[in-house]
Amino acid sequence: MGEVTFENYGKYAKCVENTTAISGRYCIQADAERRIVNDLISKLSIQSSDSLLDIGCNIGTVFIPLSFLVAQATAVDHPDCLARLQERFKGENVRYMAGNFLTLPFNDERYDKILSYSVLHCLRKDDLVPFVEKAISLLAPGGRLLLGDIPNTSLKQRFLDSDEGIRFQEEWNRLCSQNDSTKECKEVVDCKPDPDNAQFDDESVLALTAYIRKLGCSAYILPQNPELPFGHTREDILVIRPR
Ligand SMILES: C[S@@+](CC[C@H](N)C(=O)[O-])C[C@H]1O[C@@H](n2cnc3c(N)ncnc32)[C@H](O)[C@@H]1O
């Protein structure tokens, strides 16, 4: 079984205590995790009049603070993730849509801002393009979609080959030896990397960006601030639908 599937995140939400681990991050990244929201406000250009859709919101670590800043916020994820989200917070301007985004019905709704953060690598390879096309189809004219926190193996290798990367890896190994923060998740799901999951390198990130442009949208690869949880090894694709 693959380690980052939709179903496994449902199990983590039900059985794992640590909220950073449930969200797919290492506990030692808890401080860095708090920086994500500000980065997203800027990249998505969040406005108080916005309708926001968060696809793969998990238990709301990013979604909850963003929901305070917009007029209306819709949360999409596994039912057990949304149940845990609602234990943490119930917002009056929030709508919860439990289920797999690929099969959820949306009718005529359009959103000013759409976020899918740290989600694309959870998808099956064959689901990647339908997922991105569906997200784009839900954008209002002039709307922005952030396909955020995409793990790029080429970027990671460049970083690990650098002097800074070598120092970072040594410190990372030291911190992880003191606190195996993935232990709680491993106890819930006995998992291993799944070759059928979408994987990204320079070529595929560039190809996805070019594909989105062919669909008629602007698309830009944005760097991450190194102070974000995976800031050295991940990047974002910002999509802007023409008016
Ligand atoms: C690594 S977590 C990131 C959660 C959140 N965006 C964050 O950054 O804190 C990925 C989330 O995407 C959700 N996800 C993956 N595939 C999905 C799909 N097809 N539809 C809805 N949610 C999905 C998973 O259930 C999981 O909660």
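Residues numbered from 1 in each chain as written. Predicted model: local features only at pLDDT ≥ 70, side-chain atom pairs only at ≥ 80, totals over all residues. Heavy atoms only, no water.

As annotated in an unreviewed UniProt entry, the protein is Methyltransferase domain-containing protein from Paucidesulfovibrio gracilis DSM 16080.

Colleague: Can you tell me about the nonpolar core, naming the residues and giving the values?
Modeller: Counting residues in each nonpolar core, the largest one holds 31 residues, and the members touching the most others are Phe-106, Leu-120, Leu-147, Ile-212, Ile-237 and Val-239. Only strand 1 (51-55), strand 4 (111-117), helix 7 (128-137), strand 5 (139-151), helix 11 (202-214) and strand 7 (234-240) provide two or more residues apiece to this core. Setting aside its immediate chain neighbours within four residues, Phe-106 contacts Leu-53, Val-76, Met-97, Phe-101, Tyr-111, Lys-134 and Leu-138. In this structure, Leu-44, Val-62, Val-70 and Ala-75 belong to the second largest nonpolar core, which totals 23 residues. (Core = buried A, V, L, I, M, F, W, Y, C linked by side-chain atoms within 4.5 Å. Buried < 20%, exposed > 50% of the residue type's maximum accessible area, 1.4 Å probe, protein only. Helix = DSSP H or I, 4+ residues; strand = E, 2+ residues; numbered from the N terminus. Contact = heavy atoms within 4.5 Å.)

Colleague: Account for the site of the ligand, naming residues and giving values.
Modeller: Looking at the ligand, there are 17 residues lining it, with Arg-25, Gly-56, Asp-77, Asn-100 and Tyr-117 nearest. One of the side-chain nitrogen or oxygen atoms of Arg-25 is found 2.6 Å away from an oxygen atom of the ligand. In this structure, Tyr-117 approaches the ligand through a main-chain N or O atom, which is 2.8 Å from a nitrogen atom. Coverage of the ligand by the protein chains reaches 99% of its 600 Å² of free accessible surface. The residue inventory of the shell around the ligand, partitioned by class, reads 9 nonpolar, 6 polar and 2 charged. (Near = heavy atom within 4 Å. Polar contact = N/O pair within 3.5 Å; in protein donor to acceptor, adjacent residues only side chain to side chain. Areas by Shrake-Rupley, 256 points an atom, 1.4 Å probe, with all protein chains shown as cover. Nonpolar A, V, L, I, M, F, W, Y, C, P; charged D, E, K, R; others polar.)

Colleague: I'd love a proper account of the packing of helix 1 (residues 6-15) against helix 6 (residues 79-88), names of residues and values included.
Modeller: Look at helix 1 against helix 6: their axes get within 7 Å of each other, and the N-to-C directions meet at 35 degrees. Considering only the axes of helix 1 and helix 6, their crossing is left-handed. Only Asp-80, Cys-81 and Arg-84 of helix 6 make contact with helix 1, whose side of the interface consists of Tyr-9, Gly-10, Tyr-12, Ala-13 and Lys-14. The class makeup of the residues in the contact of helix 1 with helix 6 is 4 nonpolar, 1 polar and 3 charged. (Axes fitted to C-alpha atoms, helices over the stretch in contact; angles between N-to-C directions. Left-handed = near helix turned anticlockwise from the far one by under 90°.)

Colleague: Pulling in residues and values, what's your account of helix 11?
Modeller: The first and last C-alpha atoms of helix 11 sit 18 Å apart over 13 residues, in line with the 18 Å expected at 1.5 Å per residue. Buried within helix 11 are the following residues: Val-205, Leu-208, Thr-209 and Ile-212. When helix 11 is viewed along its axis, its buried side chains cluster within an angular range of 100 degrees and face the same direction. In helix 11, the exposed positions that point more than 90 degrees away from the buried face belong to Glu-203, Leu-206 and Lys-214. Those residues of helix 11 hidden inside the fold are in contact with helix 7, strand 5, strand 6 (218-223) and strand 7. The positive-phi residue at the C-terminal boundary of helix 11 is Gly-216, with phi of around 105 degrees. (Expected span 1.5 Å × (residues − 1). Arc of directions from axis to C-beta.)

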